[in-house]
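# Reading the structure
One letter stands for each residue in the lines below.
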Amino acid sequence: MSFTGADLVADALAQLGVEHVFGIVSIHNMPIMDAINRLGKTKIIDVRHEQAGTHAADGYARATGKMGVMIASTGPGTSNTVTGLYEAQYGSSRVMVITGQAETAYYGKGLAYVHEAENQVPMLASVCRRVESPRHVSQLGLAFAAVVNDMYTGRGAPGALEIPIDIQYAQTENMKFALPHAEFLPDDKQLDQALAKIKDSSRRVIVAGGGVVAAGASAELQALAQALDAPVLTTVDGRGVIPEDHELCVGNYYNSAGIYNAIQGADLTIAIGTKFAVGVDGQFHAQTPPGEMVQIDIDGTMIGRTHKAHVAVQADAKAALTAINASLEQLQANDGQFNQTVWEARDGVRQAMRSRLGEDWPQVMDTLRAKLPRDGVFVRDQTISAYNWGNQQFPIYAPRTSINPTSGAIGPGFPMAVGAAIGSGKKSVVIHGDGGFMFHATE
């Protein structure tokens with residue numbers, strides 16, 4: 001039985017456990033779509049615009065921890081994916097765009113082949129960490145594997161693969177695919193330095209970012225917080241790593257003046273999986289973490305980028321936290337008076353922000369929260385509702401249940417919510433505003 005390049009792609013997706021792909025069928029990707037349907041192991045979700053499909057793949061990836069996939073057409077179809085890939089890059093999200101290209105006999109000759117895109121690879125490379133473009137069907141499997149391996153090595157990132165149409169039809173042989181399992185374990189010396197700082201301190205705060213979610217390290221983070229009796233602040237992308245009704249959770253309030261002032265007495269900040277993104281007006285850059293800082297991140301280039309790290313631990317958050325928790329003995333718990341100051345500030349800030357909403361919006365928020373299961377997915381577009389209550393006051397109880405456009409883009413909310421709902425199978429809600437819904441109303 002014949003086995004083509006398109007069959008190889010379909011089977012690779014199945015081997016990697018990809019249950020859904022988003023896409024728009026075209027003459028330049030039809031062989032791949034047909035192969036996926038023939039194999040019957042991956043479901044194609046039709047979209048109306050490639051940008052929306054890429055955002056949906058992003059929401060799928062964030063809600064599940066799996067790879068999100070968008071299948072596009074070459075040229076205009078692929079250019080439409082760039083905004084979605086830009087957001088995925090900003091959010092360290094594992095999104096793969098698979099697209100077509102002109103026949104190899106015409107590629108690069110400037111003969112105006114339909115949907116010809118001579119600079120498609122550099123265009124994709126501007127928003128992806130790895131882009132591959134095989135020139136022969138024998139290179140296809142290795143090119144596919146190279147993109148996936150890069151996406152799953154270290155900090156998550158989007159990737160792209162363009163496949164000329166004749167390579168999709170060409171005969172080839174199957175090959176085995178598997179997700180990489182490279183371990184990013186902490187260096188012993190770095191670990192000892194971090195442990196020494198933790199043991200020598202008594203007023204600690206933890207700042208947890210999206211890297212804790214990506215590593216699946218929520219349980220380990222909570223174990224550390226409980227061992228230290230330390231307040232946990234999260235970034236907006238770190239929400240859910242500790243339930244926001246947990247006694248040690250402060251929430252996404254690091255940028256709040258009331259909270260920031262309250263934690264100034266800390267002698268140690270433990271920052272995990274956050275690059276301290278400076279935001280709109282540089283809040284994270286201006287607000288230096290109190291005391292000394294132990295910074296844990298899988299990406300060494302992120303450590304110390306925004307603020308000085310007195311101790312750097314380059315490692316996967318789960319591996320680092322597991323090692324730290326295993327070594328904590330005869331530990332002094334946090335100073336009770338310091339903690340009380342933080343709890344009073346937390347409760348005061350939460351109440352003050354809620355009061356500023358007036359009478360109606362707290363009821364809207366409370367009704368949504370009451371109807372959404374604890375593990376339901378809450379998606380916000382970049383809207384006034386998100387700023388006023390969605391990003392901070394709407395309680396989040398589990399990882400991968402809080403999703404928003406990390407880049408600040410308006411419009412991705414609805415397609416991200418669609419992808420999250422499809423991937424997770426959980427009840428999901430999206431709040432929109434600022435005209436954002438109209439970007440993708442056709443979906």
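Residues numbered from 1 in each chain as written. Predicted model: local features only at pLDDT ≥ 70, side-chain atom pairs only at ≥ 80, totals over all residues. Heavy atoms only, no water.

## Observations regarding a nonpolar patch on the surface
Together, Val25, Ile27, Met30 and Val114 line one region of the surface with nonpolar side chains, adding up to about 350 Å² of accessible area. Mapped onto the secondary structure, methionine 30 falls in helix H2 (residues 30-39). (Patch = residues over 30% accessible without salt bridge, like charges linked within 9 Å, V, L, I, M, F, W, Y side chains within 5 Å. Areas by Shrake-Rupley, 256 points an atom, 1.4 Å probe, with all protein chains shown as cover. Salt bridge = Lys/Arg side-chain N within 4 Å of Asp/Glu carboxyl O. Helix = DSSP H or I, 4+ residues; strand = E, 2+ residues; numbered from the N terminus.)

## Considerations on the layout of surface pockets
Put simply, the second largest pocket is a space of about 270 Å³. Elements that contribute at least two residues to the lining of the second largest pocket include exactly strand E9 (249-251), helix H15 (336-356) and helix H16 (360-371). Sorting elements by how many residues they give to the lining of the second largest pocket places H15 first, with four residues. Within the lining of the second largest pocket, the residues separate by chemical class into five nonpolar, four polar and seven charged. (1 Å grid on protein atoms, 1.4 Å probe; cavity = no way out; pocket = protein on both sides within 12 Å on 5 of 7 lines; lining within 4 Å. Points joined across faces, edges and corners; volume = space filled by probe spheres on them. Nonpolar A, V, L, I, M, F, W, Y, C, P; charged D, E, K, R; others polar.)

## Some thoughts on the nonpolar core
The biggest cluster of nonpolar side chains holds 54 residues, and the ones touching the most others in it are Ile206, Leu221, Ile259, Ile272, Val313 and Ile324. For this core, the element with the most residues is H15, which contributes six residues. In this view, isoleucine 272 contacts Ile206, Val207, Ala208, Gly209, Val212, Leu221, Ile296, Ala317 and Leu321; residues no more than four positions away in its chain are not counted. Grouped together as the second largest cluster of nonpolar side chains are 32 residues, Val18, Leu140, Ala145 and Phe177 included. (Core = buried A, V, L, I, M, F, W, Y, C linked by side-chain atoms within 4.5 Å. Buried < 20%, exposed > 50% of the residue type's maximum accessible area, 1.4 Å probe, protein only. Contact = heavy atoms within 4.5 Å.)

## Notes on H16
When the terminal C-alpha atoms of H16 are compared, their 17 Å separation across 12 residues agrees well with the 16 Å that a helix rising 1.5 Å per residue should span. Among the residues making up H16, those that are buried are Pro362, Met365 and Arg369. Take H16 and look down its axis: the buried residues cluster within an arc of 65°, on one side only. Of the exposed residues in H16, the ones pointing more than 90 degrees away from its buried face are Asp360, Gln363, Ala370 and Lys371. Packed against the buried residues of H16 are H15 and helix H17 (384-390). (Expected span 1.5 Å × (residues − 1). Arc of directions from axis to C-beta.)

## Overview of the pattern of salt bridges
What the rule picks out here adds up to 13 salt bridges. In this structure, glutamate 132 and arginine 130 form a salt bridge, with 2.8 Å as the shortest nitrogen-oxygen distance. For aspartate 299, the salt bridge identified is with arginine 155, shortest N-O distance 3.0 Å. Here arginine 155 lies in the loop between helix H7 (140-151) and strand E6 (159-164) and aspartate 299 lies in the loop between strand E11 (292-297) and strand E12 (311-314), a separation of 144 residues in the sequence. On the basis of relative accessibility, which here comes to 25%, the residue arginine 155 falls in the partly exposed class. Connected via shared salt-bridge partners are Asp58, Arg62 and Glu87.

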